[in-house]
Structures are given as C-alpha cells and as structure tokens.
Amino acid sequence: MKVKIKKNWLVIMIYLIASIIFLVPVLEYGADKRAVGGFCIGLLIVILTRRKFFSILCYFLITLFNIHMSYVPIGSGNMTVLGMIKIVIIIAFIFLIIKSNGFKKYLLNRNILYYFIWCMACIIIYVINALYFKSGLGDMLFRLVPVYFSIYILINTYENKAIVNELIIAIIVAAIIYTAVAYIEFIQGKTFFYSSWTGMERYRRGILRVGSTLEDANILALFLLQPIFILMMNKTRDLFGKLLSKILIILMIVILCITSSRASVISLVVGIVLIFILNKKSIKQLLLIIFGIIGIMCVPFIINSLNTYEAASAGQRFYLIAKGITLWKSNFLFGIGLTEFQKQTSWLTMCEYIRQLCEAGIFAFIIYCAFFIFLIWIYYKNNKYLKQEELFDASCILGLIVAFMINSISLDTFFYYIMWTFPALMFYSLNLCKNDITKVKD
C-alpha cells in the first residue's frame, strides 16, 4: 500500500525546513554574517523544489516576519538580508507593471482599482512628506516596499486564486516557528536576544515575556493574532487538517497570553466574539466562555497599569498619545515628519493612529483608516453572496482585521508585512479572485 503525501503538505515541509535552516544560525549567533548562510541555503531549497517566483516571495515573507533578520548583514558592506529582499520586491513590482501593461486587465476589476488608488494615495502622501521635510525621497520610496509588496500579492492572487493557499501556508509556517521558539525561551527561562541587548530579562507578574525572536513580546503577540484567525478558517483546516489546526490555535493562544500583551488579548477576544455575532451562531459556547475568562484575567493588568508611567505600561501609552496630539497641532496638515517623534521624545508613539497623525499629518491619518474601512466595506458588500461555510471564513478575516485595528492602538504597525497580506486574504475569503482553483499549481 502506497502512502500518498498531499501536495500542500510537501509545501509546508519545504517552508518549515528552509525556515528552520535560516533561523537556527540567527538564534545561535544573533546579528551575525553566518546567519546569511542559513538564509541562502533555505532559499536554494525553495528554488530547487518549488521553482516558482511566488514561492520565493513566500519564503521572503517568513523572513520578513522575523524582524531580527533586518540586522543580519550581507558581505562587508551595509546591505542586510532585509535590504536585499526589499530590492527583489521592488524589481518584481516593476516587472509586474511591465508584464501586465500597466495593470489594465486587472484594473477592470473595480475592487482592485479602488485598492490600487488607495496604494497610490498612500505613496503620494509619504513622498510629499519626505519632500516637505527633506528627509530623503529615495529612502522613503524604499521604505514603502510593503505597499508595492501588497499590490504584487493582490494582483497575483486575483490572477490565480490557488496561490493564496501558499501565502496562507507561509504565514502559518512562520507562526509555527516563532511559537516553538517562544516555548523554548519559556522552558529554558531565558530569551535569545532580549537579555543580551539589555543585560536583563523582561518579566510581568513574575512570568518571562517571551518573543525576542521577533524582537519584543508585544510584537510576537501582534503577529500571532493573525495566524489564530486564519487557522479558524475552513479552507485553512483543509490545508493543515482539523486536529493540527486546533492544536496550533491552542498553543498560539497560550503563548499570546504568556506574552501578557494586554491589547493583543483584548483584540483576540473582540475578534472572536465578532465572528460568532456575524455568523449568528450559539454553538461553541465553551470557546466563547474561555475567551471571556481570558478577557477578565486581563482586567487586573489594565486597572493596575493605568497610573503606572513606566516603559511599555498602559499609562506610558496614554502619556505618549497626549504628547503626539500636542506635537501634531504644530503642523495640522503634514505633521512633524517621520521618525521625528522618537527624536524629540526618545520613544515610539506606541499607537499607529497617533503615529500617522503626529508624524505625517491629517491626510496620512485618513489614508491609514481608509485601509481598514475599504476592507470592511468589501466584506459587507459581498458577504450576502456567500454560502454559510464561506461566510464563516470571510468573517474570520474580518475578525482578524478588526483585532489588528484594535491592537494598533497600542503598537506601531504600519510597516509590518502581515498587515499588507490582508487585502489578498479578504479577496480570497470572499471568492473575489479570478480563478477558483483548489490546488497550488507547479
């Protein structure tokens, strides 16, 4: 009897192996050139086994989620792994424009047209900001790579719906790796990087705040929000299996709670409740009760931190929000300039909405909010055409987006690549992609 391995499991194993190979040197050596070797070996594995550019992009996506890789230099110059990946994405974006004749055949789709207009408006706003404050136009265009990446992903998924399966696999594989690393940190009682940076470990209520592989416990919690919602989707369970999906959800929720990121836990609870409200389901009450308990457990953290003006506390965030609004009033239209808030206060804004408003002005704030409004509008415009199972998947993505919106109140999130996969995931869940293909083509 022959044992057949499903094609999607081969893809999962390829990404897992390639990603572990590049991550092990990072964990062992940190920001060291030896880590580049692991990255290149992993890339070679993907190229030889997948033979698709989109697969290379998915491998890059796993790398981009690992913020620590941005510190890994290539050769003797100033180029880093992150910089090299950005250059590849820019080249791919330019190639896509040429290949698709200026997007003409894709822009006939009204939804893609609207999103393209939003992306162009976003780019224009930031370019104007760079020119106005003379902060470097080239640096700004390079910084906007996540926007180009998002357009490239969306147009490719519109042309072939099947490749979103591979995008989902890449996101979940990254989540599996970082969850596993967080458990290792928790068990050994020591983080990989945080202690070496600060000379001490970070605790809250006596619990080690894991997540230094992604640089910070709050960033790990923010990232894990997305895979939890994606794993709830019926289509994802078909890729990973129902049992494994449930196990991964539980493991990720536990780690998310261990990070003690209050905003992330609250966002998770709100997103889950929203899913069940949208589907008008009274089943799975036990799951709702569990999330309710988690939310209640967070209340003491919130109440006890309101008046604590210390690093990363809720009180510190309230202070920074007030400071950001005060600085914004000095230049209503264009803000004070990107990165200026940190230069003036030695802190990040700790809130993406305030960051947009304070650093880039009222137009950037409106553009940022419009990103989420567009996706919510897409959902409500098209959900009436879905079957019950499809509606649940679409509501999972909507819950994900709402959770990210809430979490953005306590974190800077604009350039996190996970955000820029949302349009493709929403189009996919609403069956708005061009080809309804169930298997990933080679």
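Below is a short write-up of the structure. Keep in mind that this is a model prediction, so the values were computed, not measured.

## Quick word on the overall build of the chain
- A tally of helices and strands in the chain yields 21 helices and two strands.
- In the chain, buried positions account for 58% of the 442 residues.
- Put simply, 73% of the contacts in the chain that link residues at least 6 apart link residues at least 24 apart.
- Carbon and sulfur atoms provide 68% of the accessible area of the chain, an area that totals close to 19300 Å².

## Some thoughts on empty space enclosed by the protein
- For the structure on display, the rule yields two cavities of 30 Å³ or more.
- Estimates place the volume of the largest cavity at around 60 Å³.
- Lining the largest cavity are T191, Y194, R202, R209, G211, S212, E215, D216 and A217.
- Considering only enclosed or pocket space, the second largest cavity measures out at about 40 Å³ in volume.

## Quick word on the pattern of salt bridges
- If you walk through the whole model with that rule in mind, you get six salt bridges.
- With its nearest N and O atoms 3.2 Å apart, the salt bridge here joins R50 to E166. Of this pair, R50 sits in helix 2 (residues 34-50) while E166 sits in helix 9 (residues 163-188), and the two are 116 residues apart along the sequence.
- In this structure E166 comes out as buried when scored by relative accessible area, which is 0%.
- Residues R355 and E352 are paired through a salt bridge, measuring 3.3 Å at the closest nitrogen-oxygen approach. Highlighted residues: R355 and E352, both in helix 18 (residues 352-360), separated by three residues, approximately one helical turn. Neither R355 nor E352 differs from the other in exposure class; each is buried.

## Considerations on unusual backbone geometry
- Of note in this structure, R51 is not a glycine but carries a positive phi near 60°.
- With respect to the helices, strands and loops of the structure, R51 is situated in the loop between helix 2 and helix 3 (53-65).
- Phi is positive for S346, close to 65°, though the residue is something other than glycine.
- As for its position among the elements, S346 is in the loop between helix 17 (340-345) and helix 18.

## Overview of helix 3
- The end-to-end C-alpha separation of helix 3 is 19 Å, in line with the 18 Å expected for 13 residues at 1.5 Å each.
- Along helix 3, the residues that are buried comprise F54, S55, I56, L57, C58, Y59, F60, L61, I62, T63, L64 and F65.
- Considering only its buried residues, helix 3 is in contact with helix 1 (7-29), helix 2, helix 4 (81-99), helix 8 (145-159), helix 9 and helix 11 (217-232).

## Let's talk about the side chain of T157
- Relative to the helices and strands, T157 is located in helix 8.
- Residue classification places T157 among the buried residues on the basis of a relative accessible area of 0%.
- Of note is the side chain of T157, whose polar atom sits 2.7 Å from the backbone oxygen of L154.

## Some points on the environment of G30
- Within the secondary structure, G30 is located in the loop between helix 1 and helix 2.
- On the accessibility criterion, G30 (9% relative accessible area) is buried.
- Those residues within four positions of G30 in sequence are excluded, and the remaining contacts are P25, A35, H68, V72 and F193.

## Remarks on the packing of aromatic side chains
- Enumeration over the complete set of coordinates arrives at 33 aromatic pairs.
- With 4.8 Å between their ring centres and 50° between their planes, F65 and F223 make a pair best called tilted. Within this pair, whereas F65 is found in helix 3, its partner F223 is found in helix 11, the two being separated by 158 residues in sequence. An identical accessibility class is assigned to F65 and F223; each is buried.

Thresholds, definitions, all that
Residues numbered from 1 in each chain as written. Predicted model: local features only at pLDDT ≥ 70, side-chain atom pairs only at ≥ 80, totals over all residues. Heavy atoms only, no water. Helix = DSSP H or I, 4+ residues; strand = E, 2+ residues; numbered from the N terminus. Buried < 20%, exposed > 50% of the residue type's maximum accessible area, 1.4 Å probe, protein only. Contact = heavy atoms within 4.5 Å. Areas by Shrake-Rupley, 256 points an atom, 1.4 Å probe, with all protein chains shown as cover. 1 Å grid on protein atoms, 1.4 Å probe; cavity = no way out; pocket = protein on both sides within 12 Å on 5 of 7 lines; lining within 4 Å. Points joined across faces, edges and corners; volume = space filled by probe spheres on them. Salt bridge = Lys/Arg side-chain N within 4 Å of Asp/Glu carboxyl O. Expected span 1.5 Å × (residues − 1). Polar contact = N/O pair within 3.5 Å; in protein donor to acceptor, adjacent residues only side chain to side chain. Phe/Tyr/Trp six-rings, centres within 6.5 Å; stacked < 30°, edge-to-face > 60°.

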